[in-house]
Amino acid sequence: MIYKQFKDIQLSTLGLGNMRLPLVEANNPQSKIDWAKAHEIIDYALENGINYFDTAHVYNNGESEQCLGAALKKHDRSKFYVATKFNINASSDYKAVFEQQLERLQLDYIDFYLIHCLMDNNIDKYLESGCIDYFNELKKQGKIKYFGFSSHASPETLQRFTKANSWDFAQLQINYFDWNYSKTKQEYQILKDCNIPIMVMEPVRGGRLATLNKESEELLKSVHPDWSMASWALRFVRTLSQTQVILSGMSDMNQIVDNIKTFSDEHTLNDSEMAALTKSCQLFHKSLIVGCTGCRYCCDNCPVSINIPEFMQVYNTYKTIGKRQANQMIEKIETQAYPTDCLSCGSCEAHCPQNIEIPKIMDELKILF
């Protein structure tokens, strides 16, 4: 495992994200976590050098924190660091939330605490609520060791928020797809100019970069037959000097074994490999219609409970492969409602970090029904 210095501690460059832990019912996003399988992954992570574990108050309706806390309770507290988050859209009572998180995680203090999911439409809530001052006070008391934030905001909002506090770190979505086709490069530079260490989320874009189209994969396999597609994505992020920990939401043992293998050597990407990845990304971009990462921020606010991320994948299949294959996917989706039930209220779009025009896509999908 590769480690990097963070202030006075050493952090593994690969961190375990706990938003996509294995579920009892694998295809049901509302399912409970499979604690036995999740603990197997967490134990394996610790045994193989991972010491940074990321969760949040809202993940799996709070069960992620509970499951992680129970798993880590079996291990030496000095061997791991826990990151969790406060989301003001889920609850404005930041004092009660923090106490509940300590209880769920079975901890006396939180190593890395984050303002969760900064966006253009919630920055003022965070700045005016008093939560930043409160968490800074908890930091003085030792209940929080390092204080930061995660962002899905525009560069302008990100720039404004960096000036609101003396931040220890920030969490940012970085992957080679967004580096080329979004504003990620600009956001990264803002944090680098402020000398704020970056914890990386979505380095494989919610798993979307783990499986590419045929042309893209063939190109990369011709360069490194033994590298997985996920390995290419993780190595790209490692080339960026300001990155500290690269989070991966590993939901099965095959994923964590492959990722730990990637982080067992320090080879990132040389110029020829970077050129191959750029070309592969261009080929992939042509085939990718909707860049949904499956974060599910859209789902909690859907008044009819449509399983939106699953239908985003249906949409991609419909546009790139065809109607028959898309209909086959629909038959396997567990959902309480369908695109035909969409009210076009726009709540999902307002909560989408990728700024996807979800109601418009739901309307287009109605042809499949």
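Scoring rules and cut-offs
Residues numbered from 1 in each chain as written. Predicted model: local features only at pLDDT ≥ 70, side-chain atom pairs only at ≥ 80, totals over all residues. Heavy atoms only, no water. Pairing = 2+ DSSP bridges. Helix = DSSP H or I, 4+ residues; strand = E, 2+ residues; numbered from the N terminus. Axes fitted to C-alpha atoms, helices over the stretch in contact; angles between N-to-C directions. Contact = heavy atoms within 4.5 Å. Parallel < 35°, antiparallel > 145°, perpendicular 65-115°, else oblique. Buried < 20%, exposed > 50% of the residue type's maximum accessible area, 1.4 Å probe, protein only. Right-handed = clockwise from strand over helix to strand, strands pointing away. Salt bridge = Lys/Arg side-chain N within 4 Å of Asp/Glu carboxyl O. Phe/Tyr/Trp six-rings, centres within 6.5 Å; stacked < 30°, edge-to-face > 60°. Lys NZ or Arg CZ within 6 Å of the ring centre and 35° of its normal.

(A) Up close: the sheet that holds strand E7 (residues 144-151). Strand order in the closed barrel formed by eight strands is E3-E4-E5-E6-E7-E8-E9-E10, and the pairing between neighbours is parallel. Averaged over all pairs of adjacent strands, the angle between strand axes in this sheet comes to 30°, irrespective of strand direction. Bridge count for strand E8 (residues 169-173) against strand E9 (residues 198-201) is four bridges, and the pairing is parallel. Pairing of glutamine 171 across the sheet is with methionine 199, part of E9. Helix-sheet contacts for helix H8 (residues 184-193) involve E7, E8, E9 and strand E10 (243-248), and the interaxial angle to E8 is about 175°.

(B) View of the packing of helix H2 (residues 63-72) against helix H3 (residues 94-105). Here H2 crosses H3 at 45°, and the two axes come no closer than 7 Å. Taken as axis vectors, H2 and H3 run oblique relative to one another. Residue-level inspection shows Glu65, Gln66, Leu68 and Gly69 of H2 in contact with H3, the latter providing Gln101, Arg104 and Leu105.

(C) Representation of unusual backbone geometry within the structure. Unusually for a residue other than glycine, asparagine 61 sits at a positive phi of about 55°. Using a relative accessible area of 67% as the deciding quantity, one classes asparagine 61 as exposed. We note that serine 305 has phi near 60°; this positive angle belongs to a residue other than glycine. Looking at the element boundaries, serine 305 is found in the loop between helix H12 (271-287) and helix H13 (308-320).

(D) Inspection of the environment of valine 97 at higher detail. With respect to the helices, strands and loops of the structure, valine 97 is situated in helix H3. Judged by relative accessible area, valine 97 falls into the buried class, the value being 4%. Between the C-alpha atoms of valine 97 and alanine 275, which are 178 residues apart in sequence, the distance is 46 Å. Setting aside anything within four residues of it in sequence, one finds valine 97 in contact with His57, Phe86, Ser91 and Tyr113.

(E) Quick peek at the pairing of E8. Among the five residues in E8, five count as buried, and that is most of the element. Side chains Phe169, Gln171 and Gln173 project from E8 onto one buried face, and the interleaved Ala170 and Leu172 project onto a second face that is buried too. Here E7 runs beside E8; their pairing, made up of four bridges, is parallel. Note that in E8 the partner of serine 151 across the bridge is leucine 172. Following the backbone out of E7, through helix H6 (residues 155-162) and into the adjacent parallel E8, one traces a crossover that is right-handed.

(F) Layout of the pattern of salt bridges. Evaluated as defined, the whole model comprises twelve salt bridges. Two residues, aspartate 111 and arginine 77, come together in a salt bridge whose shortest N-O distance is 2.9 Å. Of this pair, aspartate 111 sits in strand E6 (residues 110-118) while arginine 77 sits in the loop between H2 and strand E5 (81-86); the two residues are 34 residues apart in sequence, bridging distant segments of the chain. Overall, aspartate 111 belongs to the buried group, its relative accessible area being 3%. The partner of lysine 139 in a salt bridge is aspartate 168, with the nearest N and O atoms 2.7 Å apart. Placement of lysine 139 in helix H5 (residues 131-141) and of aspartate 168 in the loop between H6 and E8 is noted, with a sequence separation of 29 residues between them. Several salt bridges share partner residues, and in doing so they unite Lys7, Lys139 and Asp168 into one network.

(G) Seen up close, the packing of aromatic side chains. Taken as a whole and judged by the stated rule, the model has 27 aromatic pairs. Seen from their ring centres, tyrosine 94 and tyrosine 134 are 5.5 Å apart, and the 45° between their planes marks the pair as tilted. Highlighted residues: tyrosine 94 in helix H3 and tyrosine 134 in helix H5, separated in sequence by 40 residues. Note on tyrosine 134: relative accessible area 21%, which makes it partly exposed. Relative to tryptophan 232, the ring of tryptophan 227 has its centre 5.0 Å away and its plane inclined at 70°; by these criteria the two rings are edge-to-face. Per residue, the accessibility class of tryptophan 227 equals that of tryptophan 232, and both read buried. An aromatic cluster is built from Phe86, Tyr94, Phe98, Tyr113, Tyr126, Tyr134, Phe135, Phe147, Phe149, Phe161 and Trp167, whose rings are joined through pairwise contacts. Looking at lysine 7, its charged tip hangs above the ring of phenylalanine 6, at a distance of 5.6 Å from the centre.

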